Amino acid sequence: MLKLYDHPLSPYAQKVKIALREKGQPFETLMPGGLGAGGAQGEFIQANPRAEVPALVDGEVMIFDSTIILEYLEDRWPTPALLPGAPAERARVRMLEEAMDTHFEAINWGLSEIRWFRRAEGELERTLLARAASQTRRWFGWLEGQLEGRTWFNGEAFGWGDLAVAPYLNGSVGHGFPPDKGSRLEDWLARANARASVAQTSAEAAASASASTMPNVAELVRQGLFKREYRDHRLEWMIKSGGAQVVMDGLERDNIRFSPDFGPR
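Residues numbered from 1 in each chain as written. Predicted model: local features only at pLDDT ≥ 70, side-chain atom pairs only at ≥ 80, totals over all residues. Heavy atoms only, no water.

Trainee: Would you mind going over unusual backbone geometry with me for this structure?
Mentor: Glycine aside, a negative phi is what most residues show, and trans is what most peptide bonds show. Residue Pro-54 is reached from Val-53 by a cis peptide bond, and omega for that bond is 5°. Relative to the elements of secondary structure, Pro-54 occurs in the loop between helix 2 (43-47) and strand 3 (55-58). Look at the link from Thr-79 to Pro-80: it is a cis peptide, with omega at -5°. With phi around 85°, Asp-65 is a residue other than glycine that occupies positive phi space. One non-glycine residue, Arg-118, lies in positive phi territory at about 55°. Within the secondary structure layout, Arg-118 lies in the loop between helix 4 (87-115) and helix 5 (122-147). (Helix = DSSP H or I, 4+ residues; strand = E, 2+ residues; numbered from the N terminus.)

Shown next, in the form of structure tokens:
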């Protein structure tokens, strides 16, 4: 059976689980230990030296990065196809996924940093929350345009474009930013969440986020038991949204010093 190294709250892992369920491929989920604390090891590190979920193990084949995993699944089990048939439509869907993965995801991640990890408080917290809300609304407008004339983001049928959006929009709803009432986006999200593949994946995320299972991560951060990593699009979001001090405080807490040319010491 396929093995998927997973965390239920990871939208990247959620994409892969939805795809596997749409293709009817059974899989076992494994939550690696040591995430966020520098203690990940074993087969998980062999599968992904970056120590990030998701990572897929298919016999002797080990693959990391959610997009590469999706490509592998499409090649390995081409039926039912999740990508549209026409080259231009396939490109459009891939661009949709790229936008969600590298821009929209960073907004939800930033909100989690503030609300769960308490990385900002007071005036800075209010500023970051307001900017996240404004950015979310702008992306909602763009997504509305992507749905014009289409039943699904993928076209006539649910597919890659939809599973690339659903985890992130459900994340926005969880942060208190749902699509506008009566919008195409609200209607699409309701239909997407009614699909068994999305509903089961979302239920797993909700269970993981419940008060009974979610640890006090802010306290773990204060104790130095949970380290936050700021990289690529997430780092860009935090800085451009006014949270450069959040990054510097996090580096200070994790005992990372920077020279004047910003090289780590």
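Trainee: Explain the packing of helix 1 (residues 11-22) against helix 3 (residues 66-76) to me, please; I cannot follow it from the model alone.
Mentor: Helix-helix packing is described using two parameters, namely the angle between the two axes and the distance between the axes. Here helix 1 crosses helix 3 at 10°, and the two axes come no closer than 9 Å. By the angle class used here, helix 1 and helix 3 are roughly parallel. Seen from helix 1, the contacting residues are Tyr-12, Lys-15, Val-16, Ala-19 and Leu-20; seen from helix 3, they are Ser-66, Thr-67, Ile-69, Leu-70 and Leu-73. Grouping the constituent residues of the contact of helix 1 with helix 3 by class yields seven nonpolar, two polar and one charged. (Axes fitted to C-alpha atoms, helices over the stretch in contact; angles between N-to-C directions. Parallel < 35°, antiparallel > 145°, perpendicular 65-115°, else oblique. Contact = heavy atoms within 4.5 Å. Nonpolar A, V, L, I, M, F, W, Y, C, P; charged D, E, K, R; others polar.)

Trainee: Hey, could you run me through helix 9 (residues 196-209) in this one?
Mentor: Residues that lie three or four places apart on an α-helix share one face, since the helix turns once every 3.6 residues. For helix 9, with 14 residues, the first-to-last C-alpha span of 20 Å sits near the 20 Å given by 1.5 Å per residue. When helix 9 is considered as a whole, its buried residues turn out to be Ser-197, Val-198, Thr-201, Ala-205 and Ser-208. For helix 9, the arc enclosing every buried residue in end-on projection is 95°, short of the 170-degree limit, so these residues lie on one face. Facing away from the buried side of helix 9, by more than 90 degrees, are the exposed residues Ala-196 and Ala-206. On its buried face, helix 9 is in contact with helix 1, helix 7 (166-174) and helix 8 (184-194). (Expected span 1.5 Å × (residues − 1). Buried < 20%, exposed > 50% of the residue type's maximum accessible area, 1.4 Å probe, protein only. Arc of directions from axis to C-beta.)

Trainee: Looking at this structure, I do not really get the nonpolar core. What am I missing?
Mentor: In summary, soluble globular proteins display a tendency toward joint burial of nonpolar side chains. Within the largest apolar cluster, 38 residues are counted, with the highest numbers of intra-cluster contacts made by Leu-73, Leu-143, Phe-153, Val-165, Leu-169, Leu-185 and Trp-188. Elements represented by at least two residues in this core include exactly strand 1 (2-5), helix 1, helix 3, helix 4, helix 5, helix 6 (160-163), helix 7 and helix 8. Sort the elements by how many residues they give to this core and helix 1 lands first, with five residues. Residue contacts for Val-165: discarding those within four places in its chain leaves Leu-96, Met-100, Leu-143, Phe-153 and Trp-188. (Core = buried A, V, L, I, M, F, W, Y, C linked by side-chain atoms within 4.5 Å.)

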